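Here is how the chains run, residue by residue.
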Amino acid sequence: MLELPDGSICLPRPSMASRKVAKGRREHFTGQLNVGPDEGTCMDIESYTEFQVALTLLARPEVTHVENQVPFAFLNADGRPATHFFDFLATHTDGSRHAIMVKSDYRFRSPSVSEELRLIASQVNADFAERVMVMTEKHFTTAEFYNAEMMHEMRWPDPAVDGAALRVVQPIIGAVRISDLVEAIGHGGQGFRAVVRLIRDRHLAIPDGIKISYDASVTRNKQDA
């Protein structure tokens, strides 16, 4: 939900996924993310691993767009038509599409599950996706998910502070501590949130494996240099 300057409320669009996720089940984690500019679209989530993967994909600089629950028609082991719903279809900056299946690591190691996934992947062609991959909780680090969750939490723009932050980072050369940037921006904790948004929007880069914090150092992204 987004409150506009005139006080009106802008609700996110309903999920565009082809498969509906039954939310509110007691047996396991389900939920919903609002993604895109101005909270544009709802994304239904049906496991905690799927939630982690969604945020991680959205935060990766090479990923430009993420769809979820994307249908793919294939032939099962008996030769009968069937439909598999890929948890995510991620478009990258080079235009390539990655079809992603999300599984917990212990389920992926099950022979029957991995065999089924191989069968489906073997029938995917470039018209649908250039690459098929499985993502488990082993395919991202604690720091990467921590940063992705923080970037999602602090995504709301603050135009005045964000403008001040962008002016501060424009002339920097080399690595700079986030605490020094926050002091230069001059808006206290709001300045820190603005720095997080600059990382999210690819103006700043933080080294792999480093969690976003006042003590961490960042550099200007090459595209801004």
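Computed from a prediction, not measured in an experiment: that's the story for all the values here.

The next subject is the overall build of the chain. In terms of regular secondary structure, the chain is built from seven helices and eleven strands. By the burial criterion, 45% of the 225 residues in the chain qualify as buried. Across the chain, contacts joining residues at least 24 apart in sequence account for 56% of those joining residues at least 6 apart. Summed over all atoms, the accessible surface of the chain reaches about 12500 Å², with 53% contributed by carbon and sulfur.

Running from N to C, helix α4 (residues 142-153) and helix α7 (residues 189-200) point in directions that differ by 115°, and their axes come no closer than 9 Å. If you check the angle between α4 and α7, you find them roughly perpendicular. With respect to the hand of their crossing, α4 and α7 are arranged in left-handed fashion. Contacts between α4 and α7 involve M150, M151 and E153 from the first element and F192, R193, V196, I199 and R200 from the second. Taken together, the residues of the contact of α4 with α7 sort by class into five nonpolar, no polar and three charged.

Core analysis: the biggest nonpolar cluster contains 46 residues, and F88, I178, L181, I199, L204 and I212 have the highest contact counts within it. Sequence-distant contacts of L181, defined by excluding residues within four places in its chain, comprise V168, V169, I172, V176, V195, L204 and V218. Counting residues in each nonpolar core, the second largest holds 14 residues, with F86, M101, I120 and A129 among its members.

This next bit is on the packing of aromatic side chains. For any pair of aromatic rings, the description rests on two quantities: the centre-to-centre distance and the angle between the ring planes. Considering all chains together, one arrives at eight aromatic pairs under this definition. With a centroid separation of 6.4 Å and an interplanar angle of 80°, the aromatic rings of Y48 and F145 are classed as edge-to-face. Separated by 97 residues along the polypeptide, Y48 in helix α1 (residues 48-59) and F145 in helix α4 bring together distant segments of the chain. Note on F145: relative accessible area 8%, which makes it buried. Between the aromatic rings of F86 and F128, the centroid separation amounts to 5.5 Å while the plane-to-plane angle is 40°, which identifies the pairing as tilted. Note that F86 is positioned in strand β6 (residues 81-92) and F128 in the loop between α3 (111-121) and β8 (131-135), a separation of 42 residues in sequence. Here F86 falls in the buried class, since its relative accessible area comes to 0%. With a relative accessible area of 16%, F128 lands in the buried category. Taken together, the ring pairs connect Y48, F51, F140 and F145 into an aromatic cluster. A cation over an aromatic ring shows up here: K211 above the ring of Y146, its NZ or CZ 4.9 Å from the ring centre.

Cut-offs applied
- Residues numbered from 1 in each chain as written.
- Predicted model: local features only at pLDDT ≥ 70, side-chain atom pairs only at ≥ 80, totals over all residues.
- Heavy atoms only, no water.
- Helix = DSSP H or I, 4+ residues; strand = E, 2+ residues; numbered from the N terminus.
- Buried < 20%, exposed > 50% of the residue type's maximum accessible area, 1.4 Å probe, protein only.
- Contact = heavy atoms within 4.5 Å.
- Areas by Shrake-Rupley, 256 points an atom, 1.4 Å probe, with all protein chains shown as cover.
- Axes fitted to C-alpha atoms, helices over the stretch in contact; angles between N-to-C directions.
- Parallel < 35°, antiparallel > 145°, perpendicular 65-115°, else oblique.
- Left-handed = near helix turned anticlockwise from the far one by under 90°.
- Nonpolar A, V, L, I, M, F, W, Y, C, P; charged D, E, K, R; others polar.
- Core = buried A, V, L, I, M, F, W, Y, C linked by side-chain atoms within 4.5 Å.
- Phe/Tyr/Trp six-rings, centres within 6.5 Å; stacked < 30°, edge-to-face > 60°.
- Lys NZ or Arg CZ within 6 Å of the ring centre and 35° of its normal.

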